[in-house]
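Descriptive structure summary
Here's the letter readout for the chains.
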Amino acid sequence: MKKIIIIGGGIAGLASAYRIQEEIEKGADIQCEVLEASAHFGGKIHTERFDGFLVERGPDSFISQKPWAIQLCKKIGLADRLTGTNPDQTKTYVYTGKRMVTMPDGLSLMIPTKFLPFALSPLFSWAGKIRMGMDLFLPGKGDDKDESLASFIRRRLGEEALRKMAEPMLAGIYASDPETMSIKSTFPMFFQAEQKYRSLILGALARKRSAGAQPAAPKGPSPFTLFMTLKNGLGEMTERLLEKCPNITFRENTKVREISKTESGW
Ligand SMILES: Cc1cc2nc3c(=O)[nH]c(=O)nc-3n(C[C@H](O)[C@H](O)[C@H](O)COP(=O)(O)OP(=O)(O)OC[C@H]3O[C@@H](n4cnc5c(N)ncnc54)[C@H](O)[C@@H]3O)c2cc1C
């Protein structure tokens, strides 16, 4: 018999457990345990439901362009529970100066690619807009060393772009501090755009042109919006994974302190 220990009961650990469960159901002789330090399985995914509200304490959706989360939902019988974003509410708002201000149209991963909506946007001051436009003329960095997301955005687009776009839109994805995030690890496409095109705006325009030159996608509405979730929150996925793994042992409040090798294994 094979013994497998999974350390951590977040979505990665639970999806791995389910994969092993599939093998056990096919006849594999495996004994598997998931050891979770906290009292809760799901890791960062933590849905709370109270007083008729549904509150996501961490992630609230996944990107449908990467197919694996949808595939997993289908496998565990949650296909009819998938739900997309409201197509009538596609605007993104930034809370600034004590009010909600819409992001201008034509931003491609926060890089402006349409002049007029950007020029007319009340989100940025004129000084901020001019500083962002300077990206078109500034020289490239000249080396391929890593730097923080904050330093990269400050250098290319200025402080205002960092505060009003990069912090909420980019650092928000990682719930992290842009001063400590590696640009190469978190947003390699920006790093590559500067290396290839010198300017982020020129890079975004080139990307837009090449996307326009691609053959048109098959007609007909896609059943998925860019961001998808489950009707009762992402917690539905982790709860269902637990139910779908009857042959796996789940131990909560079990923190792994050390992994050491023995003569016969670990
Ligand atoms: C606020 C926030 C919002 C996010 N929003 C999104 C989003 O909308 N969409 C998206 O795709 N991603 C989002 N993310 C990222 C996403 O949540 C994570 O990438 C994903 O949940 C990580 O899953 P994981 O299983 O790898 O790790 P985790 O979810 O961190 O799980 C790791 C588990 O291991 C346990 N553990 C750690 N050490 C030990 C130990 N020594 N012994 C035993 N157990 C241990 C932990 O308690 C935890 O339960 C968000 C992240 C945050 C923080």
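Now for a look at the structure at hand. (Residues numbered from 1 in each chain as written. Predicted model: local features only at pLDDT ≥ 70, side-chain atom pairs only at ≥ 80, totals over all residues. Heavy atoms only, no water.)

1. Digging into the site of the ligand
- Neighbouring residues of the ligand: 19 residues in total, closest Ala12, Glu36, Lys44, Ser61 and Val256.
- Between the ligand and the protein, one listed contact pairs an oxygen atom with a side-chain N or O atom of glutamate 36 at 2.7 Å.
- Here alanine 37 contributes a backbone N or O atom positioned 3.0 Å from a nitrogen atom of the ligand.
- If the ligand stood free it would expose 1,000 Å²; the protein chains cover 61% of that surface.
- Here the residues of the shell around the ligand sort into eight nonpolar, seven polar and four charged. (Near = heavy atom within 4 Å. Polar contact = N/O pair within 3.5 Å; in protein donor to acceptor, adjacent residues only side chain to side chain. Areas by Shrake-Rupley, 256 points an atom, 1.4 Å probe, with all protein chains shown as cover. Nonpolar A, V, L, I, M, F, W, Y, C, P; charged D, E, K, R; others polar.)

2. With respect to unusual backbone geometry
- Within the chain, lysine 98 stands out as a residue other than glycine whose phi angle is a positive 65 degrees.
- Positive phi values are uncommon outside glycine, yet asparagine 253 reaches one of about 50 degrees.
- Within the element layout of this structure, asparagine 253 appears in the segment after β12 (248–251). (Helix = DSSP H or I, 4+ residues; strand = E, 2+ residues; numbered from the N terminus.)

3. Details of the side chain of glutamate 56
- Tracing the chain through its elements places glutamate 56 in strand β4 (residues 53–56).
- It turns out glutamate 56 is buried and unbridged, and the closest side chain with the opposite charge, arginine 49, is 6.8 Å from it.
- In this structure the side chain of glutamate 56 is engaged in a polar contact, spanning 2.7 Å, whose partner is the side chain of threonine 47.
- Looking at glutamate 56, its side chain comes within polar contact range of the main-chain nitrogen of leucine 234, at 2.7 Å.
- Apart from residues no more than four positions distant in its own chain, glutamate 56 is found in contact with His46, Thr47, Thr229, Gly233 and Leu234. (Buried < 20%, exposed > 50% of the residue type's maximum accessible area, 1.4 Å probe, protein only. Lys, Arg positive; Asp, Glu negative; His and termini not counted. Salt bridge = Lys/Arg side-chain N within 4 Å of Asp/Glu carboxyl O. Contact = heavy atoms within 4.5 Å.)

4. Focus: the nonpolar core
- Grouped together as the largest cluster of nonpolar side chains are 29 residues, with contacts concentrated most on Met110, Ile111, Leu149, Ile153, Leu157 and Phe190.
- Sorting the residues of this core by element identifies α5 (149–157), α6 (159–174), α8 (188–197) and α9 (200–213) as the ones contributing at least two each.
- Looking at this core, the element that brings in the most residues is α6, giving six residues.
- Other than its neighbours up to four places away in sequence, leucine 149 contacts Leu170, Ala171, Pro178, Met181, Ile183 and Phe187.
- Counting residues in hydrophobic clusters, the runner-up holds 26 residues, among them Cys32, Leu72, Leu230 and Phe250. (Core = buried A, V, L, I, M, F, W, Y, C linked by side-chain atoms within 4.5 Å.)

5. Focus: the pairing of strand β8 (residues 99–102)
- As paired elements, strand β7 (residues 93–96) and β8 share four bridges and run antiparallel to each other. Its bridge partner lying in β8, tyrosine 93 is registered against threonine 102. (Pairing = 2+ DSSP bridges.)

6. Quick word on α9
- Relative to the 20 Å expected for 14 residues at 1.5 Å per residue, α9 spans 20 Å between its end C-alpha atoms, a close match to the ideal helical length.
- The set of residues buried in α9 consists of Leu200, Ile201, Gly203, Ala204 and Ala206.
- Against β9 (107–108), β10 (111–112), α4 (126–133), α5 and α8 lie the buried residues of α9.
- The N-cap of α9, judged by a side-chain oxygen 3.2 Å from the amide nitrogen of isoleucine 201 a few residues on, is serine 199. (Expected span 1.5 Å × (residues − 1).)

7. A short note on the packing of aromatic side chains
- Under the criterion given, the structure shown has four aromatic pairs.
- Taking the centre distance of 5.8 Å and the plane angle of 45 degrees together, the rings of phenylalanine 118 and phenylalanine 124 count as tilted.
- The class of phenylalanine 124 is buried, set by a relative accessible area of 4%.
- When the centroid spacing of 5.8 Å and the interplanar angle of 25 degrees are considered together, the rings of phenylalanine 187 and phenylalanine 190 count as stacked.
- Grouped by ring-pair contacts, the aromatic residues Tyr174, Phe187 and Phe190 constitute a single cluster. (Phe/Tyr/Trp six-rings, centres within 6.5 Å; stacked < 30°, edge-to-face > 60°.)

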